[in-house]
Amino acid sequence: MNIRKSLTPDQIDLDDLLFWAMPLEDREGAFATLREERPIPFFREHEIPGFPIDPGPGFWCLTRHEHVLLASRTPEIFSSARGATSIPDLPSDFNEFFGGMINMDDPRHARQRRIVSRGFTPRALAKLEASVQSRAAAVIDRVIEKGECDFVSDIAAPLPLEVICDLMGIPAHLSAMVFEQTNIILGIGDPEFTSSGEDAQMAIMGAGAALAALMRDMAEEHRRNPKDDLTSALLDASQADGALTDEELCSFFILLVVAGNETTRNSISHGMKALCDYPEQRARWAADFDGMAKSAVEEIVRWASPVIHMRRTCTQDTVVGGQKMMAGDKVVLWYNSANRDEAAFVDPYRFDIGRTPNEHVGFGGPGPHFCLGANLARREITVMFREIFQRLPDLRITGEPDRLVSYFINGIKRMPCSFTPARAAA
Ligand code: HEM
């Protein structure tokens, strides 16, 4: 990829959605300029239309890989408790409801993380393996005879959501509703996903309430009839650390569908786009799928950087890279920029499925909040691409991706594709 350094540091404003609507080459160029000339800039916050919250005082930005690692490794100074997923300060009950443990510090975070980790042990993931495989095959079965489809909604989107629903034991007929509500929560700022006339906050609250109601019903049902799924494991008070309360269960579920759904979907979409843009890398992977899968999947997540940033708040005065920060200051970790840092990656704008080492921060930096679902996501991406390589080997993207304008999620909303039709397996 060729980046364009079309903005000076003074012209860059990462809190302005107009910046995020610029072509990718210009945005990448702007981050390269910041890393080089002003690696820890401060931006004032703008009002968000439809979001009745006072704009805050502004935020520091960490654009270099080394500084993102430092903040991730030092949670006692760079706290998540004032909100990790929103730069504007949101009411603490809102943060807790929507983000659960992602918006907490230890020891509360550590307790919840230990409980929910019951669903992500190697044994639990091995149990999910068959469902990942059969669901990925079914996704391809549904499109393979058509010869064309929308890559995002028909191929990339269904698997992550279905796997989360399987993990929690949610019945198949409710997954469409979970999908819609998740889009509302994550599409904030993109008018397509917020009904007209409704303000953004109301839309989000409604979506959260719908998901919570679903989980409360599930909890009731699982208490009556315990099952072999994560919901029952989280409600099992006999285990060390006890059970999640109903409120914690609802928030965890919202966190899961939000954190595990769009991120994995966008990795698959960006990965496919990159494999089409760089056919030599596609041929290289096709020649040795299993041998290359591990490094290819890491490179896809680095390339996609599906989560653009997370936020922290300083608990005390501190200094990063020579920049003084005060207790209470907001600090934003720009994963997209760290993943293109020339100091951490050789030739960072090259998509290289054999890249080694690849210390990307697509799943977050090393620290207590490192993505809980990383291994599951890796598995889903691998299985999906294996299906595509084997059954839709000539799939090509036939139009420009329609990108989500967001400074938080690097999303692709639609991306037409075509392939030689074949018979469904079933
Ligand atoms: C390629 C796909 C994915 C990406 C890029 C991704 C990215 C991230 C990132 C950057 C964080 C760090 C948050 C922070 O430091 O504040 C995170 C945390 C988290 N992720 Fe993922 N994620 C992915 C898939 C998943 C999946 C499949 C699940 C579960 C089904 C999941 C569940 C979580 C949870 C629960 C957390 C919060 C962990 C904590 O606060 O302790 N993620 N993810």
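Residues numbered from 1 in each chain as written. Predicted model: local features only at pLDDT ≥ 70, side-chain atom pairs only at ≥ 80, totals over all residues. Heavy atoms only, no water.

### Describing the coordination of the iron atom of the ligand
(1) Moving on: There is one protein donor for the iron atom of the ligand, namely Cys-371 (SG), at 2.3 Å.
(2) Moving on: Among the structural elements, Cys-371 can be located in the loop between helix H15 (335-338) and helix H16 (374-391). (Donors = N, O, S within 2.8 Å, 3.2 Å for Na, K, Ca; no water. Helix = DSSP H or I, 4+ residues; strand = E, 2+ residues; numbered from the N terminus.)

### Focus: the sheet that holds strand S2 (residues 59-62)
(1) Moving on: With respect to topology, 5 strands assemble into an open sheet ordered S1-S2-S8-S5-S3, the strand pairing being mixed. Two strands lie at the open edges of the sheet, namely strand S1 (42-43) and strand S3 (78-79), each paired on one side alone.
(2) Moving on: Where S1 and S2 come together, 2 bridges link them in antiparallel fashion. Pairing of Phe-42 across the sheet is with Trp-60, part of S2.
(3) Moving on: Against the sheet, helix H3 (residues 65-73) engages S2, S3 and strand S8 (330-334), with an angle of about 125° to S8. (Pairing = 2+ DSSP bridges. Contact = heavy atoms within 4.5 Å. Axes fitted to C-alpha atoms, helices over the stretch in contact; angles between N-to-C directions.)

### Some details on the site of the ligand
(1) Moving on: If you check the shell around the ligand, you find 28 residues, and the closest are His-109, Arg-113, Arg-312, His-369 and Cys-371.
(2) Moving on: Between the ligand and Arg-113 there is a distance of 2.7 Å, counted from an oxygen atom to a side-chain nitrogen or oxygen.
(3) Moving on: In the model, an oxygen atom of the ligand is placed 2.7 Å from a nitrogen or oxygen of the His-369 side chain.
(4) Moving on: Of all elements in the fold, only helix H5 (108-116), helix H12 (246-277), strand S5 (309-314) and H16 reach the threshold of two or more residues within the shell around the ligand.
(5) Moving on: Residues belonging to the shell around the ligand are distributed by class as follows: 17 nonpolar, 9 polar and 2 charged. (Near = heavy atom within 4 Å. Polar contact = N/O pair within 3.5 Å; in protein donor to acceptor, adjacent residues only side chain to side chain. Nonpolar A, V, L, I, M, F, W, Y, C, P; charged D, E, K, R; others polar.)

### Let's talk about the pattern of salt bridges
(1) Moving on: For the structure on display, the rule yields 32 salt bridges.
(2) Moving on: With a shortest N-O distance of 3.0 Å, Lys-330 and Glu-45 are connected by a salt bridge. Placement of the pair is Lys-330 in strand S8 and Glu-45 in the loop between S1 and S2, with a sequence separation of 285 residues.
(3) Moving on: Given the relative accessible area of 4%, Lys-330 is considered buried.
(4) Moving on: Asp-352 is the salt-bridge partner of Arg-350, the closest N and O atoms lying 3.4 Å from each other.
(5) Moving on: Here Arg-350 falls in the partly exposed class, since its relative accessible area comes to 36%. (Salt bridge = Lys/Arg side-chain N within 4 Å of Asp/Glu carboxyl O. Buried < 20%, exposed > 50% of the residue type's maximum accessible area, 1.4 Å probe, protein only.)

### A few points about the packing of aromatic side chains
(1) Moving on: Counted by the stated rule, this structure contains 17 aromatic pairs.
(2) Moving on: On the basis of an interplanar angle of 50° and a centroid distance of 6.2 Å, the ring pair of Phe-43 and Phe-59 is categorised as tilted. Of this pair, Phe-43 sits in strand S1 while Phe-59 sits in strand S2, and the two are 16 residues apart along the sequence.
(3) Moving on: Residue Phe-43 is classed as buried on the basis of its relative accessible area of 7%.
(4) Moving on: Since its relative accessible area comes to 0%, Phe-59 is described here as buried.
(5) Moving on: Ring geometry for Tyr-278 and Phe-351: centres 6.0 Å apart, planes at 35°, overall tilted. Residue Tyr-278 is located in the loop between H12 and helix H13 (279-287), and its partner Phe-351 is located in the loop between H15 and H16; the two are separated by 73 residues in the primary sequence. Phe-351 shares its class with Tyr-278; the two are buried.
(6) Moving on: Its guanidinium or amino end placed over the ring of Phe-345, Arg-302 lies 5.2 Å from that ring's centre, counting from NZ or CZ.
(7) Moving on: Above the plane of the ring of Trp-303 lies Arg-340, whose end atom (NZ or CZ) is 4.9 Å from the centre. (Phe/Tyr/Trp six-rings, centres within 6.5 Å; stacked < 30°, edge-to-face > 60°. Lys NZ or Arg CZ within 6 Å of the ring centre and 35° of its normal.)

### Regarding the sheet that holds strand S9 (residues 396-397)
(1) Moving on: What the 3 strands build is an open sheet, ordered S4-S12-S9; its pairing is antiparallel. The open sheet is flanked by strand S4 (148-150) and S9, the only strands paired with a single partner.
(2) Moving on: Alignment of S9 against strand S12 (residues 416-418), held across 2 bridges, turns out to be antiparallel. Bridge pairing links Arg-396 to Ser-418 in S12.

### Things to note about the pairing of S2
(1) Moving on: With burial as the criterion, each face of S2 is covered, one bearing Phe-59 and Cys-61 and the other bearing Trp-60 and Leu-62.
(2) Moving on: Relative to S8, S2 runs parallel, the two being bridged by 4 bridges. Across the sheet, Trp-60 pairs through a bridge with Val-331, a residue of S8.

### Quick notes on the environment of Asp-236
(1) Moving on: Note that Asp-236 resides in the loop between helix H11 (230-234) and H12.
(2) Moving on: Sequence separation between Asp-236 and Arg-223 is 13 residues; the distance between their C-alpha atoms is 8.9 Å.
(3) Moving on: Other than its neighbours up to four places away in sequence, Asp-236 contacts Arg-118, Gly-242 and Ala-243.
(4) Moving on: Separated by 2.6 Å, the side chains of Asp-236 and Ser-238 make a polar contact.

### Some words on the nonpolar core
(1) Moving on: With 127 residues, the main nonpolar core has Leu-14, Phe-151, Ile-155, Trp-285, Trp-334 and Phe-385 as its most contacted residues.
(2) Moving on: Ranked by residue count, the leading element in this core is H12, at 13 residues. (Core = buried A, V, L, I, M, F, W, Y, C linked by side-chain atoms within 4.5 Å.)

### Re the packing of helix H4 (residues 92-99) against H12
Two packed helices can be described by the angle between their axes and the distance between those axes.
(1) Moving on: Orientation of H4 relative to H12, taken along the N-to-C sense of each, is 65°, at an axis distance of 6 Å. The pairing of H4 with H12 is recorded here as roughly perpendicular in orientation. Contacts from Glu-96, Phe-97, Phe-98 and Gly-99 of H4 reach H12 at Ser-251, Ile-254 and Leu-255.
(2) Moving on: Each residue belonging to the contact of H4 with H12 can be placed in one class, and the counts come to 4 nonpolar, 2 polar and 1 charged. (Parallel < 35°, antiparallel > 145°, perpendicular 65-115°, else oblique.)

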